[in-house]
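# Summary of structural features
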Amino acid sequence: KLPVKSIWAGLFENSASKEVWVRELYKGIFRIMFSGSKTNKENYVIKKYTHADGLPSKSYRYMKFFKFNDELVVGTMKGIYRLHRTQEKFEFDPRFSKLPNSKNKLLEALIQLPDNTKFAAFSEVRGGKRFVSLYKFYSDFSFEKLPVDNEFLRKYSRIKLFASGDKVFLTGTAGIIV
């Protein structure tokens with residue numbers, strides 16, 4: 001049983017490592033690690049991560065989980081973080097540091113295509129105004145900002161990315177973009 005009353009939206013499953021990540025609004029994020037026993041009973045261990053474990057905030061409301069190159073990354077209001085597995089602490093993910101204003105970008109959505117190309121939607125607040133940007137990442141971690149009008153994009157919230165063939169779709173509260 002998780003030591004929380006309710007799970008605030010946020011669930012990430014990594015079947016390869018047999019773990020599930022959940023987020024609770026004020027308590028932290030939790031990793032549930034499963035392992036089968038000889039009797040085929042599921043055993044699990046719960047590990048809690050908080051601000052003390054490297055997460056950049058004591059509020060976990062805007063943290064989102066994503067799979068990036070077969071590892072978990074956490075989008076926060078202060079940039080993208082990843083778990084340093086040997087130290088069991090979160091750290092700012094330096095792979096994203098070349099993005100303009102990287103420590104203020106919230107990763108809203110991420111999709112990885114079969115050719116390992118990734119598309120990501122970010123939001124940030126500057127001068128009291130919300131900005132949304134789309135990027136394409138390549139396997140060598142180079143990237144390009146996609147030429148989409150911010151005035152158009154900023155109308156979108158609850159952003160999700162989907163792929164069909166060679167097309168990427170952005171959906172949100174304002175509709176759909178191909």
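This paragraph deals with the sheet that holds strand 15 (residues 175-177). Pairing within the open sheet is antiparallel, and its three strands lie in the order 13-14-15. The strands lining the two open edges of the sheet, one partner per strand, are strand 13 (160-164) and strand 15. If you compare each strand with its neighbour and ignore which way they point, the axes differ by 25° on average.

Chain-level statistics for the chain give a pLDDT mean of 83 and a share of 89% at 70 or above. By mean pLDDT, strand 1 (residues 8-14) is the weakest element of the chain at 63, and strand 12 (residues 143-145) is the strongest at 93.

Turning to the sheet that holds strand 9 (residues 106-112), a few remarks are in order. If you trace the four strands from one edge of the open sheet to the other, you get 9-10-11-12, paired in antiparallel fashion. One side of each edge strand has no neighbouring strand; the edge strands of this open sheet are strand 9 and strand 12. Recorded for the sheet is a direction-independent mean angle of 25° between the axes of neighbouring strands. The pairing of strand 9 with strand 10 (residues 118-126) spans six bridges and is antiparallel. The partner of Leu-106 across the bridge, within strand 10, is Ser-123.

Counting residues in each nonpolar core, the largest one holds 14 residues, and the members touching the most others are Phe-119, Ala-121, Leu-153, Ile-159, Leu-161, Val-168 and Leu-170. In this structure, Leu-170 is in contact with Ala-121, Leu-134, Leu-153, Tyr-156, Ile-159, Lys-160, Leu-161, Gly-175, Ile-176 and Ile-177, ignoring residues within four places of it in sequence.

All right, on to the pairing of strand 6 (residues 71-76) then. Here strand 6 lies mainly inside the structure; five of its six residues are buried. Sheet analysis places strand 5 (residues 64-68) next to strand 6, joined by five bridges and oriented antiparallel. Paired with Phe-66 across the strands is Val-73, a residue of strand 6. Between strand 5 and strand 6, which pair antiparallel one after the other, the connecting turn spans two residues, and Asn-69 there sits at a positive phi close to 50°. Judged from the four bridges that link them, strand 6 and strand 7 (residues 79-84) form a sheet pairing that is antiparallel. Looking at the pairing, Thr-76 lines up with Gly-79 of strand 7.

Structurally, Tyr-62 can be placed in the loop between strand 4 (42-49) and strand 5. Once the C-alpha coordinates of Tyr-62 and Gly-75 are considered, the two residues, 13 residues apart in sequence, prove to be 7.8 Å apart. In this structure Tyr-62 touches Arg-23, Gly-75, Thr-76, Met-77 and Leu-106, once residues within four positions along its chain are discounted.

The next point concerns the pairing of strand 8 (residues 89-92). Burial of the side chains of strand 8 is restricted to one face: Phe-90 and Phe-92 are buried, whereas none of Lys-89 and Glu-91 on the reverse face is. The hairpin turn running from strand 7 into strand 8, its antiparallel successor, is four residues long, and Glu-88 in that turn takes a positive phi close to 55°.

Evaluation of the coordinates by the stated rule reveals 17 aromatic pairs. Aromatic pair Phe-96 and Phe-137: ring centres 5.7 Å apart, planes at 70°, arrangement edge-to-face. Taken together, the residues span a long stretch of sequence, with Phe-96 in the loop between strand 8 and strand 9 and Phe-137 in strand 11 (residues 129-137) at a distance of 41 residues. Phe-137 sits in the buried class, given a relative accessible area of 1%. Aromatic rings pair up to connect Phe-68, Phe-96, Phe-122, Tyr-135, Phe-137, Phe-141 and Phe-143 into one cluster. The aromatic ring of Tyr-49 is capped on one face by Lys-47, whose charged end is 5.1 Å from the ring centroid. A cation sits over an aromatic face here: Lys-118 above Phe-68, 5.0 Å from the ring centre.

This brings us to the side chain of Arg-23. Looking at the element boundaries, Arg-23 is found in strand 2 (residues 19-24). Of the side chains with opposite charge, Glu-24 lies nearest to the buried Arg-23, which makes no salt bridge, at 9.1 Å. One polar contact links the side chain of Arg-23 to the main-chain carbonyl oxygen of Tyr-60, over a distance of 3.1 Å. In this structure the side chain of Arg-23 is engaged in a polar contact, spanning 2.8 Å, whose partner is the backbone oxygen of Met-63.

About the thresholds
Sequence order as written defines the numbering, with residues in each chain counted from 1. Owing to the predicted nature of the model, reporting of local features is limited to residues with pLDDT of at least 70; listing and counting of side-chain atom pairs is limited to 80 or more, with chain, interface and lining totals taken over all residues. Neither water nor hydrogens contribute to the side-chain values; these are computed over all heavy atoms in the structure. Criterion used throughout: strands pair if DSSP finds at least two bridges between them. In this text, helices come from DSSP runs of H or I with a minimum length of four residues, and strands from runs of E with a minimum of two, each type numbered from the N-terminal end. Axis lines are fitted to C-alpha atoms, over the contacting stretch for helices. Their N-to-C directions set the angle, which ranges from 0 to 180 degrees. Confidence scores labelled pLDDT are given residue by residue by the predictor and lie between 0 and 100. We define the nonpolar core as a collection of buried residues of types Ala, Val, Leu, Ile, Met, Phe, Trp, Tyr and Cys that are connected through side-chain atoms lying within 4.5 Å of one another. Between buried and exposed lies partly exposed: a residue is buried under 20% and exposed over 50% of the maximum accessible area for its type, with that area taken using a 1.4 Å probe on protein chains only. Note on contacts: a residue pair is in contact if any heavy atoms of the two residues lie within 4.5 Å. Two aromatic rings, drawn from Phe, Tyr or Trp (for Trp, its six-membered ring), form a pair once their centres lie within 6.5 Å of each other, and the interplanar angle then sorts them: stacked below 30 degrees, edge-to-face above 60, tilted otherwise. By definition here, charges over rings are those cases where NZ of Lys or CZ of Arg is within 6 Å of the ring centre and within 35 degrees of the ring normal. In this tally, Asp and Glu contribute negative charge and Lys and Arg positive charge; neither His nor the terminal groups of the chain are included. The rule for a salt bridge is simple: a side-chain nitrogen of Lys or Arg has to be within 4 Å of a carboxyl oxygen of Asp or Glu. Here a polar contact is taken to be a pair of N or O atoms separated by no more than 3.5 Å, where protein atoms must pair a possible hydrogen donor with a possible acceptor and residues adjacent in sequence count only if both atoms sit in side chains.

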